[in-house]
Protein chains: 4
Amino acid sequence: MDYVTVRYTSKKPKLKNPILIEGLPGIGNVGKLAVEHLIDSVNATKFAELHSKDFPPQVFINTDGTIELVNNEFYYWKAKKRGQKDLILLTGDYQGLSSQGQYELVEKILEIAKEFGVQEIFTLGGYGLGHEIRDPKVLCATTDKHLVKTMKKYGAVFKKNEPGGGIVGASGLLLGLGKQQGFQGACFMGETPGYLVDPKSAKAVLKILMKITNVDLNLQALEKKAKEIEHIAHQLKEMESISKEKSEELKYIG
Amino acid sequence: MDYVTVRYTSKKPKLKNPILIEGLPGIGNVGKLAVEHLIDSVNATKFAELHSKDFPPQVFINTDGTIELVNNEFYYWKAKKRGQKDLILLTGDYQGLSSQGQYELVEKILEIAKEFGVQEIFTLGGYGLGHEIRDPKVLCATTDKHLVKTMKKYGAVFKKNEPGGGIVGASGLLLGLGKQQGFQGACFMGETPGYLVDPKSAKAVLKILMKITNVDLNLQALEKKAKEIEHIAHQLKEMESISKEKSEELKYIG
Amino acid sequence: MDYVTVRYTSKKPKLKNPILIEGLPGIGNVGKLAVEHLIDSVNATKFAELHSKDFPPQVFINTDGTIELVNNEFYYWKAKKRGQKDLILLTGDYQGLSSQGQYELVEKILEIAKEFGVQEIFTLGGYGLGHEIRDPKVLCATTDKHLVKTMKKYGAVFKKNEPGGGIVGASGLLLGLGKQQGFQGACFMGETPGYLVDPKSAKAVLKILMKITNVDLNLQALEKKAKEIEHIAHQLKEMESISKEKSEELKYIG
Amino acid sequence: MDYVTVRYTSKKPKLKNPILIEGLPGIGNVGKLAVEHLIDSVNATKFAELHSKDFPPQVFINTDGTIELVNNEFYYWKAKKRGQKDLILLTGDYQGLSSQGQYELVEKILEIAKEFGVQEIFTLGGYGLGHEIRDPKVLCATTDKHLVKTMKKYGAVFKKNEPGGGIVGASGLLLGLGKQQGFQGACFMGETPGYLVDPKSAKAVLKILMKITNVDLNLQALEKKAKEIEHIAHQLKEMESISKEKSEELKYIG
């Protein structure tokens, strides 16, 4: 097995200039949540797996008791009507652990993208604010200047010097290395506190993606998850304030 | 020397569809203890060593004053009666230190397994509970769905979502990569507190393995070790509670 | 893409025995500041980019909303009058993260230097003192004994056993590996507290470089930056002393 | 440059079955001190340098202001009388930083050893006790059983289960990998507190080496250094006990 290997799990699909959409684990798991929801909503078909020697040496256990090597997975979906394009959807368990591993992984993804005729890449992720936020905006950065206007039209936000640290990981690298190879695209970063997985932020990202892809998605499942997470966040806060009170009482006594 | 190298220390044995059983260091050293006991009990013969540039740069010192490069070791045992199969037993000083090292090591092990006609792989390890346990169960995960039933019959336990983090290390990877190459098998994880080496858990794992392999093992040595470890654990606890008392006395005085 | 790759962003310039001057990020960012100022002052032309799999997997976002893969950049400048030499200027976002990454990066830089006929290399950096300094001296080390005298003439300082730890990173390695390949050169290390970016130290380094290269530079922009940084340093100190006072008050009360 | 490269700095010497003696940095720098003293005493001649991409990316600065890439160095010495053998002496600035780097380095050393007809290897190091010691013993481990007796005769000590962790680093690996390639040899580990460089322990190691090699060494320089270090150790202790007293006074006052 090479450092990164691709394994086709079904016949290679025939796709027409598909758009690649990536959502791997990251801050608030925004990108992964968004792409997983997209896969479920459009009922996309899995066709390939990526394995890397830079992923942890780990298997997960399915509910039926069988094991599954950690991986990244490719799905495809064929356009149903005019104004839509075929999609390749990428999600997975991990990003590469090391710098080199990240570069190798992204190079392999771009190789596959090229093979299927991809010209446009959209990468999804979160932008950690470190504080709560009511209506998460979606920050954006693009490979090409002319795309900035387009993405603004779709509701994406461009802020000077944000994110200040740029984009780290596969979402950034796919555009950075991709640009050198002639791909065009954009990264959408949903604002998120970054403490917990954030379906609300994933929803904000998908709303923009719906406009770009012309694909209608039912976002109710994400909204439900978002409420559950808000509930958990609320409980965590209460527990924290109780334990704070208690420790203050203790100080008072002691 | 390649990244991982195999060195035959005796003539290559001729084996008939042997079963590969792996037990490398890990939580509670359950897998290593089990395979070492198995090797001693059946008086298996060492035939090869694995060295990896991802093992620590280290030699151990034998009781006779000579040194030994850290390694993994292969043993074989030939079936003595009907219903038994030839065995290849794998144990060693270390697993790979890095992700890549683990993948390379396991690929080499599978290469050797294939060379000897192995079709089934059983990997042994511990499942750390973080608390003490009277009767350790043996959790299981398999490469194939049809094996789940079989393993249940032998007394292995399947719990939904356990281990939640999947299986990390050679025990998981041998099945994960092996499955892709057509091997079948299962991982047995003996429940263990995980604080100390755990011969009791190793015994639980071997009891199931005895049924699968149809090989009778005398488990007394493990039981004796288990009692010694229980004694040590008991002493450690007492020391802890004494030092706790003392520190409370000190607080009282101070 | 190889571990380190060079990408020409314009036609390869024709240069006559150019001098290579390197200033990558490091202590006080002295080297990077100096080379960036040099590039701006002489209006040098970018002609190539280096990418390495040992750089972080990261893109930065330009002010126009487009992304840029982290890199090292080569600029050239052609001599305008007698007594000057053509220059190749190297700066960038990062040095290699790992030892191996640093060696690979520097080997690639030397390969390019050789291709353009470079014979002399000057590397710029900071020498962290850990305390403030009014007039930063510029320490020096050279590839060849006969250069020591020359560099002293230009105002560089040689102190026995300083820097005690030698020179770590690209500035050292370019000379160390370069010397083996027949390059000559020197490293200039501007003294710096090392807490903040240090334009004052960069100015000191450039003053010496101006004499060596016979290139006149307007250093006002650096002086302005130096004043800004001094202002910030002053503010930080005040904040510190206030918070110190406060914590002492608190101690007094508590 | 390969991962590890050898560079001959003089004509390859013609040696007759030389003994390789290694002393690289380690606990108490015992091995390095010993080999450096040996090189000085017999006035050995440097003939080659090793560079590795796993060494830190660093140059040291010579007293004349020139730089020197960090390396390992080979010296040779030709036997002067009957009963002596030619020597190859290896010391240097660093060992490899990573596991793989250590393996690669040692393989290269063995390759060179083989080229010069080396059959015996002696590796020198320290055995850290964590407490002071008046008369450091020299622990030993060998590649072959028959050497244990010989080494005992020379005054080396074999203790069961010591060092419990085996031998980590080049000293262990040279014997471990060397044994597989047919080299014979021993590792001598001078007992040392391990806090400071330890010339006393280096002296103990050299005393044994003198008997093995039949080479007379003047150990006065080491004895002088040992006294200096003892003086420093004494001063450090005093400073410690003073600061301890002071902190107790403070407690008393506060």
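Each residue is numbered by its place in its chain's sequence as written, counting from 1. Chains and ligands are labelled by the order in which they are written, letters from A for the one and numbers from 1 for the other. Residues qualify for local features only when their pLDDT is at least 70, as the model is predicted, and side-chain atom pairs are given and counted only at 80 or more; totals for whole chains, interfaces and linings, by contrast, use all residues. In computing side-chain properties, one takes all heavy atoms of the structure into account and sets aside hydrogens as well as water.

Caption draft 1: Structural detail: the overall build of chain A. A tally of regular secondary structure across chain A gives six helices and eleven strands. Only C-alpha atoms enter the radius of gyration, while the globule expectation follows 2.2 Å times N to the 0.38, with N the number of residues. On C-alpha atoms alone, chain A measures out to a radius of gyration of 20 Å, which is about the 18 Å that the 2.2 N^0.38 rule sets for 254 residues. Along the first, second and third principal axes, the C-alpha set of chain A runs to 70 × 45 × 35 Å. In this scheme, a residue with accessible area under 20% of its type's maximum is buried, one over 50% is exposed, and one in between is partly exposed, where area comes from a 1.4 Å probe on protein chains only. Burial analysis of chain A (254 residues in total) assigns 54% to the buried set. Measuring between centres, the 35 positive side-chain charges of chain A sit 9 Å from its 31 negative side-chain charges. Starting at the N terminus, helices and strands are each numbered in turn, a helix being any DSSP run of H or I of at least four residues and a strand any DSSP run of E of at least two. Just so you know, the count uses Lys and Arg for positive and Asp and Glu for negative, and it drops His and the chain ends. By convention, charge coordinates are those of NZ in Lys, CZ in Arg, CG in Asp, or CD in Glu.

Caption draft 2: Local environment of the packing of helix α2 (residues 99-115) of chain B against helix α4 (residues 170-180) of chain B. All names here are of chain B. Helix axes use the C-alpha atoms of the stretch in contact, all axes being lines fitted to C-alpha atoms, and the angles between their N-to-C directions lie in the range 0 to 180 degrees. In contact at an axis separation of 9 Å, α2 and α4 are set at 60 degrees when each is read in the N-to-C sense. Put simply, α2 runs oblique to α4. The crossing of α2 and α4 is right-handed. Of α4, the residues touching α2 (which contributes Gln102, Tyr103, Val106, Glu107, Ile109 and Leu110) are Ala170, Leu173, Leu174, Leu177 and Gly178. Partitioned by chemical class, the residues of the contact of α2 with α4 number eight nonpolar, two polar and one charged. For this classification, under 35 degrees means roughly parallel, over 145 means roughly antiparallel, 65 to 115 means roughly perpendicular, and everything else is oblique. If you view the pair so one helix is near and one far, a crossing is left-handed when the near helix is turned anticlockwise from the far one by less than a right angle, and right-handed when it is turned clockwise. In what follows, a contact means two residues having at least one pair of non-hydrogen atoms within 4.5 Å. Asp, Glu, Lys and Arg are counted as charged, while Ala, Val, Leu, Ile, Met, Phe, Trp, Tyr, Cys and Pro are counted as nonpolar; the rest, among them Gly, fall into the polar class.

Caption draft 3: A look at the environment of Pro25 of chain D. Residue and element names in this part refer to chain D. Relative to the assigned elements, Pro25 resides in the loop between β2 (19-22) and α1 (30-42). It is 9.5 Å that separates the C-alpha atoms of Pro25 and Ala170, two residues lying 145 residues apart in sequence. Residues within four places of Pro25 in sequence aside, it is in contact with Lys32, Gly92, Asp93, Tyr94 and Gln95.

Caption draft 4: View of the packing of aromatic side chains. Within 6.5 Å between ring centres, the rings of Phe, Tyr and Trp (the latter by its six-membered ring) count as paired, and their orientation is classed by plane angle as stacked under 30 degrees, edge-to-face over 60, tilted in between. All chains considered together, the criterion is met by 22 aromatic pairs over all chains. A ring pair is formed by Tyr8 of chain C and Phe47 of chain C, whose centres lie 6.3 Å apart and whose planes are at 25 degrees; its orientation type is stacked. A residue pair is termed long-range when its members are at least 10 positions apart, and Tyr8 of chain C in strand β1 (residues 4-8) and Phe47 of chain C in strand β3 (residues 45-52) qualify at 39 residues. Taking the relative accessible area as the measure of exposure, Tyr8 of chain C reaches 26% and is therefore partly exposed. Relative accessible area serves as the criterion here: at 0%, Phe47 of chain C is assigned to the buried category. An aromatic cluster is present here, built from Tyr8, Phe47, Phe74, Tyr76 and Phe116 of chain A joined pairwise through their rings. Positioned above the aromatic ring of Tyr154 of chain A, the side-chain terminus of Lys153 of chain A is 5.3 Å from the ring centre. For a ring to carry a charge above it, either NZ of a lysine or CZ of an arginine must fall within 6 Å of the ring centroid while also lying within 35 degrees of the normal to the ring plane.

Caption draft 5: Layout of the relation of the copies chain A and chain C. Residues reaching a pLDDT of at least 70 in both copies supply the C-alpha atoms on which the copies are superposed by least squares. Of the transformation placing chain A onto chain C, the axial shift is 0.1 Å and the rotation is 90 degrees, giving an RMSD of 0.0 Å. Classification of the inter-copy transformation places it as that of a four-fold axis. Within chain A, Ser98 of chain A has its C-alpha nearest the rotation axis, a separation of 7.6 Å.

Caption draft 6: Focus on the interface of chain A and chain C. Contacts between the two partners involve 29 residues from chain A and, on the opposite side, 24 residues from chain C. If you sort the residues of chain A by the area they bury against chain C, Ser99, Tyr103 and Gln180 of chain A come out on top, with a joint share of 28%. Any carboxyl oxygen of Asp or Glu that lies within 4 Å of a side-chain nitrogen of Lys or Arg is treated as forming a salt bridge with it. Seen at the junction of chain A and chain C, the total is two salt bridges. For Glu107 of chain A, the salt bridge is made with Lys53 of chain C, and the minimal N-O distance between the two is 3.0 Å. For this analysis, a polar contact is any N or O atom pair within 3.5 Å, provided that within protein one partner can donate a hydrogen and the other can accept it, and provided that sequence-adjacent residues contribute only side-chain to side-chain pairs. Across the contact surface, chain A and chain C share twelve residue pairs in polar contact (both at pLDDT 80 or more). With seven residues, helix α4 (residues 170-180) of chain A is the largest single contributor of residues to the side of chain A that touches chain C. By residue class, the composition of the side of chain A that touches chain C is ten nonpolar, twelve polar and seven charged. By the bridge criterion, two bridges tie strand β10 (residues 167-168) of chain A to strand β4 (residues 58-61) of chain C in an arrangement that is antiparallel. Its bridge partner being in β4 of chain C, Val168 of chain A is matched across the sheet by Gln58 of chain C. Here's the idea: put two parts together, see how much 1.4 Å probe accessible area each one loses, and the total over both is what we call buried area. Here, strands pair whenever DSSP counts at least two bridges between them.

Caption draft 7: How the structure looks around a positive patch on the surface. A cluster of basic residues, Lys11, Lys14, Lys78 and Lys80 of chain A, forms a positive patch at the surface. You can see Lys11 of chain A is positioned in the loop between β1 (4-8) and β2 (19-22). Note on patches: the residues involved have over 30% relative accessible area and no salt bridge, like charges join within 9 Å, and the nonpolar side chains Val, Leu, Ile, Met, Phe, Trp and Tyr join within 5 Å. Here the open area of atoms and residues is found with the Shrake-Rupley method and a 1.4 Å probe, where only the protein chains shown may cover a residue.

Caption draft 8: Expanded view of the interface of chain A and chain B. Taken together, the 23 residues of chain A in the interface contact 29 residues of chain B. Interface area lost by chain A to chain B is led by Lys53, Pro57 and Ile67 of chain A, which between them contribute 32%. Inspection of the region where chain A meets chain B yields two salt bridges. Put simply, Glu104 of chain B and Lys53 of chain A hold a salt bridge, and the shortest N to O gap is 3.3 Å. At the junction of chain A with chain B, the criterion picks out twelve residue pairs in polar contact (both at pLDDT 80 or more).

Caption draft 9: Examining the sheet that holds strand β3 (residues 45-52) of chain D more closely. Residue and element names in this part refer to chain D. Ordered by their spatial adjacency, eight strands build an open sheet running β1-β3-β6-β7-β2-β8-β11-β9, and the pairing between neighbours is mixed. The sheet is open, and its two borders are formed by β1 (4-8) and β9 (138-142), each paired with just one other strand. Pairwise comparison of adjacent strand axes, ignoring direction, gives a mean angle of 20 degrees for this sheet. By the bridge criterion, nine bridges tie strand β8 (residues 120-128) to strand β11 (residues 184-192) in an arrangement that is parallel. Within β11, the residue paired with Leu124 across the bridge is Phe188. Across the sheet, helix α3 (residues 145-153) lies against β8, β9 and β11, angled at about 45 degrees from β11, the strand it touches most. Helix α4 (residues 170-180) contacts β2, β8, β9 and β11 of the sheet and is inclined by roughly 145 degrees relative to β8.

Caption draft 10: A look at α2 of chain B. Residues and elements named next belong to chain B. Helices are assigned an expected span. That span is 1.5 Å times one less than the residue count. Compared with an ideal rise of 1.5 Å per residue, which puts 17 residues at 24 Å, α2 spans 25 Å between its outermost C-alpha atoms and is within 8% of the ideal. Among the 17 residues that make up α2, 13 are buried, leaving the element largely enclosed by the rest of the structure. Positive phi shows up at Gly117, right after α2, with a value of about 85 degrees.

Caption draft 11: Main features of the arrangement of the chains. Between chain B and chain C there is no contact, and the shortest C-alpha to C-alpha separation is 15 Å. Spatially, chain A is disjoint from chain D: no contact exists, and the shortest C-alpha separation is 15 Å.

Caption draft 12: Spotlight on the sheet that holds strand β4 (residues 58-61) of chain B. Strand order in this open sheet of three strands is β5(B)-β4(B)-β10(D), and the pairing throughout is antiparallel. Whereas interior strands pair on both sides, the edge strands pair on one side only; in this sheet they are β5 (67-69) of chain B together with β10 (167-168) of chain D. Packed onto the sheet, α4 of chain D meets β4 and β5 of chain B together with β10 of chain D and runs at close to 85 degrees relative to β5 of chain B.

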